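# A structural walkthrough
Each chain is listed here by its residues.
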4 protein chains.
Amino acid sequence: MAGSTFGNLFRITTWGESHGPALGVVIDGCPAGLALEEADIQRYLDRRRPGQSKITTSRSEADQVEILSGVFEGRSTGTPVSLLVRNTAQISRDYSEIASCYRPGHADYTFDRKYGFRDYRGGGRSSGRETIGRVAAGAIACKILKRLGIEVCAYTRSIGPIAMDPARFEADAVLKTRTAMPDREADAQAVAYLEEAIKRLDSVGGVMECRVSGVPAGIGDPVFCKLDALLAQAAMSIGAVKAVEIGDGTSVSARYGSENNDPFRMEQDRVVKATNHAGGILGGISDGSDILVRAHVKPTPSIYAPQQTVDNSGHEIDIQIKGRHDPIIVPRAVVVLECMTAITLLDAMMTNLCCRMDSLETFYRASGFSEV
Amino acid sequence: MAGSTFGNLFRITTWGESHGPALGVVIDGCPAGLALEEADIQRYLDRRRPGQSKITTSRSEADQVEILSGVFEGRSTGTPVSLLVRNTAQISRDYSEIASCYRPGHADYTFDRKYGFRDYRGGGRSSGRETIGRVAAGAIACKILKRLGIEVCAYTRSIGPIAMDPARFEADAVLKTRTAMPDREADAQAVAYLEEAIKRLDSVGGVMECRVSGVPAGIGDPVFCKLDALLAQAAMSIGAVKAVEIGDGTSVSARYGSENNDPFRMEQDRVVKATNHAGGILGGISDGSDILVRAHVKPTPSIYAPQQTVDNSGHEIDIQIKGRHDPIIVPRAVVVLECMTAITLLDAMMTNLCCRMDSLETFYRASGFSEV
Amino acid sequence: MAGSTFGNLFRITTWGESHGPALGVVIDGCPAGLALEEADIQRYLDRRRPGQSKITTSRSEADQVEILSGVFEGRSTGTPVSLLVRNTAQISRDYSEIASCYRPGHADYTFDRKYGFRDYRGGGRSSGRETIGRVAAGAIACKILKRLGIEVCAYTRSIGPIAMDPARFEADAVLKTRTAMPDREADAQAVAYLEEAIKRLDSVGGVMECRVSGVPAGIGDPVFCKLDALLAQAAMSIGAVKAVEIGDGTSVSARYGSENNDPFRMEQDRVVKATNHAGGILGGISDGSDILVRAHVKPTPSIYAPQQTVDNSGHEIDIQIKGRHDPIIVPRAVVVLECMTAITLLDAMMTNLCCRMDSLETFYRASGFSEV
Amino acid sequence: MAGSTFGNLFRITTWGESHGPALGVVIDGCPAGLALEEADIQRYLDRRRPGQSKITTSRSEADQVEILSGVFEGRSTGTPVSLLVRNTAQISRDYSEIASCYRPGHADYTFDRKYGFRDYRGGGRSSGRETIGRVAAGAIACKILKRLGIEVCAYTRSIGPIAMDPARFEADAVLKTRTAMPDREADAQAVAYLEEAIKRLDSVGGVMECRVSGVPAGIGDPVFCKLDALLAQAAMSIGAVKAVEIGDGTSVSARYGSENNDPFRMEQDRVVKATNHAGGILGGISDGSDILVRAHVKPTPSIYAPQQTVDNSGHEIDIQIKGRHDPIIVPRAVVVLECMTAITLLDAMMTNLCCRMDSLETFYRASGFSEV
């Protein structure tokens, strides 16, 4: 349990460093019989790929995925799916400065304290490139969820003080704007804001949001594995996320119960909620409304402006971080949130299959597994 | 994996319903040799005990804990510690109304969809009484952490719009004010605010905060088991929590990197941070500063005012919830946040023991485990 | 992960010591909707109850089970089922001798080395009474398996050199003979053999066997969680078991492939095997034939005859073990093997529900979980 | 939890099929600071490499390992170590016969029942090539254990009826004889026996044994995670193993307690056992003596002689298996048993670090992790 495994039945294990030979993921528990090819995964990796516009890092990586196992004649076999992405654009340069100094806001110091030393090239395991494995696995989770009638969609909600306007929401825009904002007007403002920050050698933060529609009611477990608790772990595990909200999130703490409760009502023989302050989860279990997760992302800690810090010999020094880095993480992290949400939900749905005697009996008596 | 187990090496499993015979917890992995008696645990249970003032439920339970295993001659033996609390104040009454209707904001509907039926008496497993097991286990975690020089302290930060003033912080007040606010002036205002809400048959929300001091740098794992990710799961798993923040939390998303980065500097041969926007965690690993977790709690969904809802036959109905319930959850939930934080941190510290070859070698060569 | 939890989806956590106030188990993941009452569990506990004949310990315990949670109006609710058995016949006596000495064949020395000290009364956690929790949980697993058309039946195969004769197998006899042998003639011989050993202040070993019929083909996972690998863990985890065999077990190593392979053939549109050397498992997955597990049990280490050993101060001493103990463990352990086998199989069957896309889709599209 | 992950703190996840592009393993939890290079791992892979003599399959694979992550400047970093071995000698041929038929003794039928279809080329995931990941990970575990003073050594104990003679034991011979027997005389006999079986188009079984020396007393957990229970799972999870013994194993069931108990005695201030019937484990915890595990392996199910079976359309057919396969599995599986034993033991030793308050306190107060 050293932290690189997530999920129970749909279980992923990621590996790889920024400047090592490759990164990847093993998915153990992908159900058998899913049509799967590299293009299914590449589509998602391309959304987090660097070097796509001037508001992302200039490091240019193709991030081509290779399926190494678990797929036969175009379908998953039920055995582990191993996915590999080679690093190709590591720049060989002098890392001696970064090797010995602790960059503010980064994990350099904490890795050294934990492990005694670290792979300092490009941040090593704590680099954003670590998320390649998450996205590759999440692409598969998303494909399975789609087959179950569920759509997972994440986007940029705000960048610095510039927020999208829900009234201008265009789902298509998420994949087309440079900021991954679903609102072209806000996108334009945000780009201007970013350019200004870049000029000042600074970086900015933002908020990403993920909406899941089509989730049946009844998914999730009480107590510690509440669906919202696992979604919070999933979202907070993405580097630079410092707060997670479900539904109306932080707003609820200043409300009265009469304002915040969502009344149930009937809609064509279905139980629905008149409002959705809860964000689709009650008592840790999905209630059939859209699930809404929001994650607050800190400004990229790497900035070109000079900063005060210390080195690993205990000297106070000034550093000016060179190299390639994003002035904002959010636009490329949006797909990571989407993928982590999908993985978490799919795992909960798989767990749910055995929570009732009647479904267990139906399955074993009717599915052809048993002739008894 | 039905959700009632938390932790890996310090692993707790809770059980019990609001109106069943008893509730409890099994702690597997409590290190051997800890002085432990029922009073150590009772002290924490008393902080979440109901019926203590007019701003809590009138259900009066002694919540006396009994140690059933794992302790011998006053010390933990290393084998499972089983703790039991009998329910004594269940009121026998007619539950037929609640049995068939879905209370807004509660888990009635979602439990029915998941399990097919539910123990509706007092909310069953989704009742706040479920947290008895967490607090009993957390009392032990806190005692161990204290032995390691670590203090975990949670308190009420705000109730509705009434927030504590950090300038008036008094640690002692947490255990003495009715609101668990560490600021007697804010407490008085909050109580007035609450009384007003009670009069209007309404309920209110609030924010709780937990500060951990004395944590060494280097605790936590990268990627999915980041210390903040596990703290987020821990906090979000507490009923009614809808948002979790680490350090400056939601504020970071509107900042520039130059504002948000905490510069490192030296203080008497120790690396410290000049500020602590990060809340004591960088890259998922503790950095030696205080850890700060904040949880936003929704208003109690049970209110005396009439509400619209549906019953389990699909009829739209009006309900008016009777019975005993808290107008606000926060003051009694503060100790739950403290306990969940302690359990999460202790588990991470135990995991950390084997992350380096040198510590593994030192242990097995020097500890008397090996004579080789 | 301190060892007292077993299973993933049907997960049990046991606790309790020989001379503590009580022992018990928490079952997390029991499917909702199972008719369940204390009598279902008591029936199994009675089979391992001490004091029933002169070939078992004279300690007489009622071992009455109490259901503390997870059952409402006679049915499991899907939340944790907590089961409690109070110890009532602890004899207060002087344990000073056993406290300081290391009994040969027992865990006294190893517990002291691991934990630094131990609860020495009656063996503490390493006592056979530890299996109460396993049997209580296993009773539930067996009841569920029966609903799925599966029978689990364990019995004594041999005691010392006295083996049952398969030609004389009577299923009823298992519950009626003192040795739990399904062969009355062998039972009589075994009792005579045991009486002889008791006279000589000695103890004896034996072999237990468990047969599972009605298991559908396709249960189990490849690689590390092969069904036989988990059954081996389950059986070997029972105190005093020193060898586990599946199907023909140790015999296979001296055979030719042409002898050992089980030919497949058709029987009324079903694939069956002409023989069952494999014991119902191929490649770690059930093949539809009966599953056969065998466990070899060492003689009870507690004997009345004098033995050489050392004490915890490093002195070589002679001891003569007093107190109450079984001259053979097997007859009372048979139900433990039955229960561990049932728990292992049920957990594997629950896991299996999500191994195919088609079953996942059928479930979520047809079960009423989703209206999409 | 689809079965390809093993271990808790030293956790391995294997992947890959016989005829896919590659096989490999991810090790999460390898302690930081271990000197590690590909040669360390290659040495172990070479011991299970095919095509080395006429008594192994003629498939010739280099099985060259590549380290893809987790190692920096020659030392492990504490982050996941990903190891890759490309398949290079897959022969493109017509698999249509094997695709539709169920070979006796193989997992063809059970995979089809579980997953609905299978990768039939060379057995897919159920091929012996699956063990490449185990051996690669085990090489690292062995290297760590050596640093802790522990030696793990497996060898062939018998092949068919030909057993090694302990009096002729030569440790060196294990790596030099074709059978991996540590007795050159028995090796010669076994080879003759094998050649005879090959001529008759048949296969044979055998027994492998693993001895671990230098293990400190006190390793392992009571109840379900007993060291012997986990070793049994580990050994039984190796394809074709049908029985596992610890210490004297099956012999103990016919003994008296007075014969089977190992008396403790003192040897230069150390507690030792006069005999070691127990195989180094008492109550699931190591006792300081050598640990002894024995695994019985069935004859290779693939034989060239004709066999009766059925196809996946339910027709009874005769098959004659072509292709390349080993007439005996044991000589190449010995290193797999060695590796699985090492992984299991190392994981238990890492878990053990936190079982006492005093070691927890020592570590955090003395190690430089805390300045408090």
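The rules behind these values
Residues numbered from 1 in each chain as written. Chains lettered and ligands numbered in written order. Predicted model: local features only at pLDDT ≥ 70, side-chain atom pairs only at ≥ 80, totals over all residues. Heavy atoms only, no water. Helix = DSSP H or I, 4+ residues; strand = E, 2+ residues; numbered from the N terminus. Rg over C-alpha atoms; globule rule 2.2 N^0.38 Å. Buried < 20%, exposed > 50% of the residue type's maximum accessible area, 1.4 Å probe, protein only. Contact = heavy atoms within 4.5 Å. Areas by Shrake-Rupley, 256 points an atom, 1.4 Å probe, with all protein chains shown as cover. Lys, Arg positive; Asp, Glu negative; His and termini not counted. Charge placed at Lys NZ, Arg CZ, Asp CG, Glu CD. Buried area = accessible area lost by both parts, 1.4 Å probe. Salt bridge = Lys/Arg side-chain N within 4 Å of Asp/Glu carboxyl O. Polar contact = N/O pair within 3.5 Å; in protein donor to acceptor, adjacent residues only side chain to side chain. Nonpolar A, V, L, I, M, F, W, Y, C, P; charged D, E, K, R; others polar. Axes fitted to C-alpha atoms, helices over the stretch in contact; angles between N-to-C directions. Parallel < 35°, antiparallel > 145°, perpendicular 65-115°, else oblique. Phe/Tyr/Trp six-rings, centres within 6.5 Å; stacked < 30°, edge-to-face > 60°. Lys NZ or Arg CZ within 6 Å of the ring centre and 35° of its normal. pLDDT = per-residue confidence, 0-100. Least-squares fit on C-alpha atoms with pLDDT ≥ 70 in both.

On to the overall build of chain A. Looking only at helices and strands, one finds 10 helices and 18 strands in chain A. Taking 21 Å as the expected radius of gyration for a compact globule of 372 residues, we find that chain A reaches 22 Å, a close match to that expectation. Counting only C-alpha atoms, chain A reaches 70 × 50 × 35 Å along its principal axes. The proportion of buried residues among the 372 residues of chain A is 69%. Sequence separation of at least 24 residues holds for 68% of the intrachain contacts in chain A that already meet a minimum separation of 6. When the accessible area of chain A is evaluated, it comes to approximately 11300 Å², of which 49% is carbon and sulfur surface. If the 42 positive side-chain charges of chain A are averaged to one point and the 46 negative ones to another, these points end up 2 Å apart.

This next bit is on the interface of chain A and chain C. Listed by partner, the interface residues are 37 residues for chain A and 37 residues for chain C. Across the interface of chain A and chain C, roughly 3400 Å² is buried in total on both sides, 69% from carbon and sulfur atoms. Taken together, the connections running from chain A to chain C amount to 2 salt bridges. The residue C:R147 makes a salt bridge to A:E361 at a minimum N-O spacing of 2.5 Å. Across the contact surface, chain A and chain C share 9 residue pairs in polar contact (both at pLDDT 80 or more). Taken together, the elements giving at least two residues each to the side of chain A that touches chain C come down to α4 (131-147), α9 (330-352) and α10 (357-366) of chain A. If you tally residues by element for the side of chain A that touches chain C, the top one is α10(A), at 7 residues. Residues belonging to the side of chain A that touches chain C are distributed by class as follows: 21 nonpolar, 9 polar and 7 charged.

Here we come to the environment of B:C355. As for its placement among the helices and strands, B:C355 is situated in the loop between α9 (330-352) and α10 (357-366). With a relative accessible area of 10%, B:C355 lands in the buried category. When sequence neighbours within four positions are dropped, the list of residues in contact with B:C355 reads A:K114, A:Y115, D:P31 and D:A32.

Once that is clear, we can look at the packing of helix α1 (residues 38-48) of chain C against helix α9 (residues 330-352) of chain C. Residue and element names in this part refer to chain C. Across the interface, α1 lies against α9 with an axial gap of 6 Å and an inter-helix angle of 140°. In terms of axis orientation, α1 runs oblique to α9. Mapping the contact onto sequence places Y44, R47 and R48 in α1 and R332, V334, V335, E338 and C339 in α9.

This part is about the packing of aromatic side chains. For the structure shown, the criterion picks out 36 aromatic pairs over all chains. The interplanar angle of 80° and the centroid separation of 5.2 Å between the aromatic rings of D:Y155 and D:F169 together place this pair among those described as edge-to-face. You can see D:Y155 sitting in strand β8 (residues 151-159) and its partner D:F169 sitting in the loop between β9 (162-163) and α5 (173-176), a full 14 residues away along the chain. Under the relative-accessibility criterion, D:Y155 is labelled buried at 2%. By relative accessible area, which is 35% here, D:F169 ends up partly exposed. Between the aromatic rings of D:F363 and D:Y364, the centroid separation amounts to 5.0 Å while the plane-to-plane angle is 90°, which identifies the pairing as edge-to-face. For A:R75, the ring lying beneath its charged end belongs to D:F117, and the centroid distance is 3.9 Å. We note C:R200 situated over the ring of D:Y256; from NZ or CZ to the ring centre the distance is 4.5 Å.

Turning our attention to the interface of chain B and chain A. Quite often, the size of an interface is put as the accessible area lost when its parts meet. Taken together, the 102 residues of chain B in the interface contact 102 residues of chain A. For the pair chain B and chain A, the summed buried surface comes to about 8200 Å²; carbon and sulfur atoms form 62% of the total. A:D221 is the salt-bridge partner of B:K114, the closest N and O atoms lying 3.2 Å from each other. Applying the counting criterion to the chain B and chain A interface returns 47 residue pairs in polar contact (both at pLDDT 80 or more). Broken down by class, the residue content of the side of chain B that touches chain A amounts to 46 nonpolar, 35 polar and 21 charged.

The next thing to look at is the side chain of C:D28. With respect to the helices, strands and loops of the structure, C:D28 is situated in strand β3 (residues 22-28). This buried residue, C:D28, is left without a salt bridge; C:R11 holds the nearest opposite charge, at 6.3 Å. Looking at C:D28, its side chain comes within polar contact range of the main-chain nitrogen of B:G3, at 3.4 Å. In terms of polar contacts, C:D28 uses its side chain to reach the backbone amide nitrogen of B:S4, at 2.8 Å.

A word on the environment of A:S203. With respect to the helices and strands, the residue A:S203 is situated in the loop between α6 (184-199) and β10 (206-213). For A:S203, a relative accessible area of 1% gives the class buried. Linking A:S203 and A:T300, residues 97 residues apart in sequence, is a C-alpha distance of 5.7 Å. Among all residues touching A:S203, those that are not within four sequence positions of it are A:P299, A:T300, A:S302, A:I303, A:P327, B:R255, B:Y256 and B:G257. Polar contacts involving the side chain of A:S203 include one to the main-chain carbonyl oxygen of A:T300, which spans 2.6 Å.

All names here are of chain A. When pLDDT is averaged across chain A, the result is 93; 97% of the residues are at 70 or more. Per-residue pLDDT stays below 50 along residues 367-372; that stretch engages in 20 contacts with residues further than four places along the chain or on separate chains. Model confidence for the complex is summarised by a pTM of 0.97, with the ipTM given as 0.96.

Take the relation of the copies chain A and chain C next. For the pair chain A and chain C, the relating rotation is 180°, the translation along its axis is 0.0 Å, and the fit reaches an RMSD of 0.0 Å. Here the transformation between the copies is reduced to the relation of a two-fold axis. Of the C-alpha atoms belonging to chain A, the one lying closest to the rotation axis is found on A:L353, 3.3 Å away. In this assembly the copies share their binding face: 100% of the residues contributing to the interface of chain A also contribute to that of chain C.

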